[in-house]
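Chain residues, written in single-letter form:
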Amino acid sequence: MKRRKFIGNAGVGAAGVVAASTVAAPAIAQSMPELKWRLTSSFPKSLDTLYGGSELFAKAIGEMSDNKFQIRTFAAGEIVPGLQVADAVQNATVEMGQTAAYYYFGKDPSFVFETGLPFTMNQRQYLAWQYHGGGTQLINDFYKAYNITSMPFGGTGAQMGGWFRKEINTVDDMKGLKFRVGGFAGLILQRLGVVPQQIAGGDIYPALEKGTLDACEWVGPHDDEKLGFNKVAKYYYYPGWWEGASIGSLYINTKAWEGLPKPYKQMVETAAAQVTAWMVPKYDASNPAALKRLVGAGTILKPFPRPVLQACFDEAYRFYEEVSAKNANFKKLFDSLRVFRMDQNLWFRVAENTFDNFNFSMSAAGR
């Protein structure tokens, strides 16, 4: 009898829990405010992976909040031009923006650190610094002066070195070259005689076609094929040493962020992490087929000669020391990144690099 009574009570309890949860969920949802935010992107809609990250983010937020928190996305130029996202967020023209932080190095060279400092770490290492090495906290300490709160938002992995009308065999071949190159790397290349140009993604093709540019870089095969650069430049160089890692940024107006209820903040952080987990593998899955198509259509694939890379590396680190001596924000971030990089490279040389080199050699042997 006691056993039957226990089972009966357990059944009532379970039903009660189900009933309670059925009632409680709408009550919780009803207690949350309805918010409609706008997110402006630095990228055109044609870039399905970069701009697609903002669409994925908005969809996830809507689903998690039962559409109480709605985010409407806008491509570059629909609200502000692609290179004005930081200003739009800072001035509360919009609540959020998707961008690459290094676009704003003209405000302060320290903006480069969230995207990726040239010749430092690969994508995994850089995310490790941001998430677990104090990088994101240091970056947001710097952003306080700009009324911006940020977090990692996707990425591309190591990028290509770009499209050139002529071959690059020596450092002298770079001199006088009108080269569209993103952000901070232009300052390094300028010291080697390059004439850097910062142009938003959607404007690069016509400039290259008209001869306003001699060369350009964007991301990698998947996006570059969509933008059609192979139609106006035949030499495709690698690697893009300025973006061995390239981390996207989700900029949020700090006042708007501080006013968000905690559950919504958690949704934003979760959805941003989902974008990162989705975007990098998507590029890894998409780039091989695009590269094959480009080469099949006549693109000439070439590595930068080692002397060219060495000259760029040496100039980069001379420049970092000079900037650190003048800019306390840059020095603080660079010191943190440099220490983290040394340990990361030690570890990756032991396991990751050894495995990759052997495994790649087997692939080259057709196995």
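Everything quoted here is computed from the prediction, not taken from an experiment. (Residues numbered from 1 in each chain as written. Predicted model: local features only at pLDDT ≥ 70, side-chain atom pairs only at ≥ 80, totals over all residues. Heavy atoms only, no water.)

A. Quick peek at the pattern of salt bridges. In total, this model carries 18 salt bridges according to the counting rule given. Here Glu322 ties to Arg191 by a salt bridge, and the two come within 3.0 Å at their closest N and O atoms. With Glu322 in helix 12 (residues 306–326) and Arg191 in the loop between helix 7 (185–190) and strand 7 (195–197), this residue pair connects regions lying 131 residues apart in the sequence. A relative accessible area of 37% places Glu322 in the partly exposed class. (Salt bridge = Lys/Arg side-chain N within 4 Å of Asp/Glu carboxyl O. Helix = DSSP H or I, 4+ residues; strand = E, 2+ residues; numbered from the N terminus. Buried < 20%, exposed > 50% of the residue type's maximum accessible area, 1.4 Å probe, protein only.)

B. Highlighting the nonpolar core. Core analysis: the biggest nonpolar cluster contains 103 residues, and Phe57, Phe113, Leu117, Trp218, Leu250 and Val268 have the highest contact counts within it. Top contributing element to this core by residue count: helix 11 (residues 262–296), with nine residues. Those residues in contact with Phe113 that sit more than four places away from it in its chain are Tyr126, Trp129, Gln130, Ile139, Phe330, Leu333, Phe334 and Leu337. (Core = buried A, V, L, I, M, F, W, Y, C linked by side-chain atoms within 4.5 Å. Contact = heavy atoms within 4.5 Å.)

C. Layout of a nonpolar patch on the surface. A contiguous nonpolar patch, built from Tyr238, Val295 and Leu301 and spanning about 230 Å² of accessible area, is present on the exposed surface. Val295 gets classed as partly exposed once you look at its relative accessible area, which sits at 39%. (Patch = residues over 30% accessible without salt bridge, like charges linked within 9 Å, V, L, I, M, F, W, Y side chains within 5 Å. Areas by Shrake-Rupley, 256 points an atom, 1.4 Å probe, with all protein chains shown as cover.)

D. Fine view of the packing of aromatic side chains. Under the defined criterion, the tally for this structure stands at 35 aromatic pairs. Ring plane angle 75° and centroid distance 6.2 Å describe the contact between Phe43 and Trp218, whose orientation is recorded as edge-to-face. Note that Phe43 is positioned in the loop between strand 1 (35–41) and helix 2 (50–64) and Trp218 in the loop between strand 8 (215–216) and helix 9 (221–227), a separation of 175 residues in sequence. With a relative accessible area of 5%, Phe43 lands in the buried category. Using a relative accessible area of 3% as the deciding quantity, one classes Trp218 as buried. The lysine or arginine in question, Arg38, covers the ring of Phe74, its NZ or CZ lying 6.0 Å from the ring centre. (Phe/Tyr/Trp six-rings, centres within 6.5 Å; stacked < 30°, edge-to-face > 60°. Lys NZ or Arg CZ within 6 Å of the ring centre and 35° of its normal.)

E. Region of the structure containing the environment of Arg338. Relative to the assigned elements, Arg338 resides in helix 13 (residues 328–350). With relative accessibility at 31%, the residue Arg338 sits in the partly exposed group. Polar contacts involving the side chain of Arg338 include one to the side chain of Glu321, which spans 2.8 Å. (Polar contact = N/O pair within 3.5 Å; in protein donor to acceptor, adjacent residues only side chain to side chain.)

F. Broad picture of helix 12. Between its first and last C-alpha atoms helix 12 spans 31 Å; for 21 residues at 1.5 Å apiece the expected length is 30 Å, and the two agree. Of all the residues in helix 12, the buried ones are Val308, Cys312, Glu315, Ala316, Tyr317, Phe319, Tyr320, Val323 and Ser324. (Expected span 1.5 Å × (residues − 1).)

G. Broad picture of the confidence of the model for the protein chain. Within the protein chain, residue pLDDT values average 91, and 92% of them lie at 70 or more. The low-confidence segment residues 1–28, where pLDDT is below 50, has zero contacts with residues more than four positions distant or belonging to other chains. (pLDDT = per-residue confidence, 0-100.)

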